[in-house]
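Letter by letter, the chains look like this.
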Amino acid sequence: MKSGFCAIVGRPSAGKSTLLNAIIGEKVSITSSSPQTTRNKVRGILTKEEQGQIVFIDTPGYHNSEKKFNQYMMEVVDSTLVEDADLILYVIDMTRSPGREEEELISMILKTNLPLLLCLNKSDVAKSAKEEIYTWLESKNIQNTIEVSAAKEKGLDELMGQLFDIAPEGEYLYPPDYYTDQTPEFRIAEIIREETINRLSQELPHSVYIEVSDIEIDEEKNIMWIRAFIQVEKESQKGIVVGKGGKQIKEIRQSSQKSLGKIFTQRIHMDLRVKVNPKWRRKDNLVKDLLS
Ligand SMILES: Nc1nc2c(ncn2[C@@H]2O[C@H](COP(=O)(O)OP(=O)(O)OP(=O)(O)O)[C@@H](O)[C@H]2O)c(=O)[nH]1
Ligand SMILES: [Mg+2]
């Protein structure tokens, strides 16, 4: 039997989390069109009785910047590759030319000497950079490649076949019926963050984090009570998130409740508010906690 931890790495917005969700068949990792959506190591588990088990670790998009918060996220990528991974799935967006970040990432990957599968994603749209990417891969002597569309779920069986081929021999790492090891608190925070950032534009998504302050389950009535706060950096951002007459925060709450209702067996009742936490991205302890 095969098993192992598979690091999913690539530039921001390459489609890593979309791909993970498509492979697992559940929303384990949130997605959005704005870059740097994923902030943590997000695990999704795929068990195939005949082949074995692969535990995927989705990571933040690899992006070079001096900002502290970003540096922390790059440490998440680095430690996943160096400490956690048994094999690597490197996702490249076929519509973008390989740049400096791809160069840095590929040298980090090659240094690990781990089995590698390179996945060219977004085969459903204009593959403007395809030829350029293949030439670049040839220059790095990388042959193990596959083209997929995470969004259209194309090429995924073949991708899984290739991953099991390169995975090491081993026993199950998690019970076979698990598809993630995330805590309820983390999943709730991530779903609220997804519903929030998908309603915001430009830089605002980076300014948001979610604090889940209380979860209570009423077994008798089968209700989960959640109290959570959308934390932003400025008073002006608070207004944007709340929306005119509180319309937007109400929408965020209602759609979060709906999404969480698909994950948990209880009915969801949520108290959701917006709070300002100035310059939270520069607060070391908070950031470490959020990215752990
Ligand atoms: N057309 C097309 N769009 C895709 C595909 N896969 C992902 N996308 C889109 O690309 C955007 C980014 O997707 P994510 O899955 O959040 O990307 P990511 O690599 O996890 O991004 P970060 O977490 O920010 O690093 C979203 O708008 C997706 O809908 C695909 O196969 N085809
Ligand atoms: Mg992601």
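This text goes with the structure placed above it.
All of these numbers come straight from a predicted model, not from anything done at the bench.

Rules behind the numbers
- Residues numbered from 1 in each chain as written.
- Chains lettered and ligands numbered in written order.
- Predicted model: local features only at pLDDT ≥ 70, side-chain atom pairs only at ≥ 80, totals over all residues.
- Heavy atoms only, no water.
- Near = heavy atom within 4 Å.
- Polar contact = N/O pair within 3.5 Å; in protein donor to acceptor, adjacent residues only side chain to side chain.
- Areas by Shrake-Rupley, 256 points an atom, 1.4 Å probe, with all protein chains shown as cover.
- Helix = DSSP H or I, 4+ residues; strand = E, 2+ residues; numbered from the N terminus.
- Buried < 20%, exposed > 50% of the residue type's maximum accessible area, 1.4 Å probe, protein only.
- Pairing = 2+ DSSP bridges.
- Axes fitted to C-alpha atoms, helices over the stretch in contact; angles between N-to-C directions.
- Contact = heavy atoms within 4.5 Å.
- Nonpolar A, V, L, I, M, F, W, Y, C, P; charged D, E, K, R; others polar.
- Parallel < 35°, antiparallel > 145°, perpendicular 65-115°, else oblique.
- Left-handed = near helix turned anticlockwise from the far one by under 90°.
- Phe/Tyr/Trp six-rings, centres within 6.5 Å; stacked < 30°, edge-to-face > 60°.
- Core = buried A, V, L, I, M, F, W, Y, C linked by side-chain atoms within 4.5 Å.
- Donors = N, O, S within 2.8 Å, 3.2 Å for Na, K, Ca; no water.

(A) Layout of the site of ligand 1. Taken together, 23 residues lie around ligand 1, and Lys16, Thr18, Gln36, Thr37 and Asp124 are the ones closest in. At 3.1 Å from an oxygen atom of ligand 1 is found a main-chain nitrogen or oxygen belonging to Ala14. At a separation of 2.7 Å, an oxygen atom of ligand 1 approaches a polar side-chain atom of Lys16. The fraction of the free accessible surface of ligand 1 (660 Å²) that becomes covered by protein chains is 86%. Broken down by element, the residue count for the shell around ligand 1 peaks at three residues, all from helix α1 (residues 16–24).

(B) Highlighting the pairing of strand β3 (residues 52–58). In terms of residue burial, β3 counts as a mostly covered element, since seven of its seven residues are buried. By the alternation rule, side chains of β3 split into Gly52, Ile54, Phe56 and Asp58 and Gln53, Val55 and Ile57, which are all buried. Note: strand β1 (residues 2–10) against β3, seven bridges, orientation parallel. By the bridge assignment, Phe5 is partnered in β3 with Val55. In this structure, strand β2 (residues 42–48) lies alongside β3, joined through seven bridges in antiparallel fashion. Counted as the bridge partner of Gly44 is Phe56 from β3. The turn joining β2 and β3, which pair antiparallel and follow one another in sequence, is formed by three residues.

(C) Just the sheet that holds β3, in detail. Pairing within the open sheet is mixed, and its six strands lie in the order β2-β3-β1-β4-β5-β6. Each of the sheet's edge strands pairs with one partner strand only, and the pair in question is β2 and β6 (145–147). Direction aside, the axes of adjacent strands within the sheet are offset by 25° on average. Summarising the sheet, strand β4 (residues 87–93) and strand β5 (residues 116–121) pair through six bridges and their orientation is parallel. Each bridged residue has a counterpart across the sheet, and for Tyr90 the counterpart in β5 is Leu118. The sheet contacts of helix α3 (residues 100–112) involve β1, β4 and β5, and relative to β4 the element is tilted by about 165°.

(D) Representation of the packing of helix α7 (residues 235–242) against helix α8 (residues 247–263) within the structure. Packing of α7 against α8 leaves a shortest axis separation of 5 Å and a crossing angle of 65°. Where α7 abuts α8, its residues Ile240, Val241 and Val242 lie against Lys247, Gln248, Ile249 and Ile252. Here the residues of the contact of α7 with α8 are counted per class, giving five nonpolar, one polar and one charged.

(E) Molecular detail of the packing of helix α6 (residues 184–197) against α8. One can describe the packing of α6 onto α8 by two numbers: an axis separation of 9 Å at closest approach and a directional angle of 135°. It follows from the interaxial angle that α6 and α8 lie oblique. When the axes of α6 and α8 are compared, the crossing they make is right-handed. Taking contact as the criterion, the partners of Arg187, Ile188, Ile191, Ile192, Glu195 and Thr196 in α6 are, on α8, Ile252, Ser255, Ser256, Ser259, Leu260 and Ile263.

(F) Representation of the side chain of Asn121. When you line up the elements, Asn121 lands in strand β5. Reaching out from Asn121, the side chain makes a polar contact with the backbone oxygen of Ala14 at a distance of 2.9 Å. In this structure Asn121 touches Ala14, Gly15, Val91, Ile92, Asp93, Met94, Val148, Ser149 and Ala150, once residues within four positions along its chain are discounted.

(G) Local environment of the packing of aromatic side chains. Counted according to the given criterion, the structure contains two aromatic pairs. Aromatic rings pair up to connect Phe69, Tyr209 and Trp280 into one cluster.

(H) Examining the nonpolar core more closely. Judged by nonpolar contacts, the single largest core of 31 residues is most densely connected at Val9, Val77, Leu81, Tyr90 and Ile109. Going through the elements one at a time, β1, α2 (68–84), β4, α3, β5, α4 (130–139) and α9 (284–291) are the ones with two or more residues in this core. Counting residues per element, this core draws most heavily on α2, at seven residues. In this structure Tyr90 touches Val9, Gly10, Glu102, Leu105, Ile106, Ile109, Leu116, Leu117, Leu118, Cys119 and Trp136, once residues within four positions along its chain are discounted.

(I) Structural context of the coordination of the magnesium ion (ligand 2). For the magnesium ion (ligand 2), the full set of protein donor atoms is Ser17 (OG) and Thr38 (OG1), and the range of their distances to it is 2.0 to 2.1 Å. Of this pair, Ser17 sits in helix α1 while Thr38 sits in the loop between α1 and β2, and the two are 21 residues apart along the sequence. The same class applies to Ser17 as to Thr38, namely buried.

(J) Molecular detail of unusual backbone geometry. Even without a glycine there, the phi angle at Asn113 is positive, about 60°. Its identity as a non-glycine residue notwithstanding, Asn141 has a phi of 65°, on the positive side.

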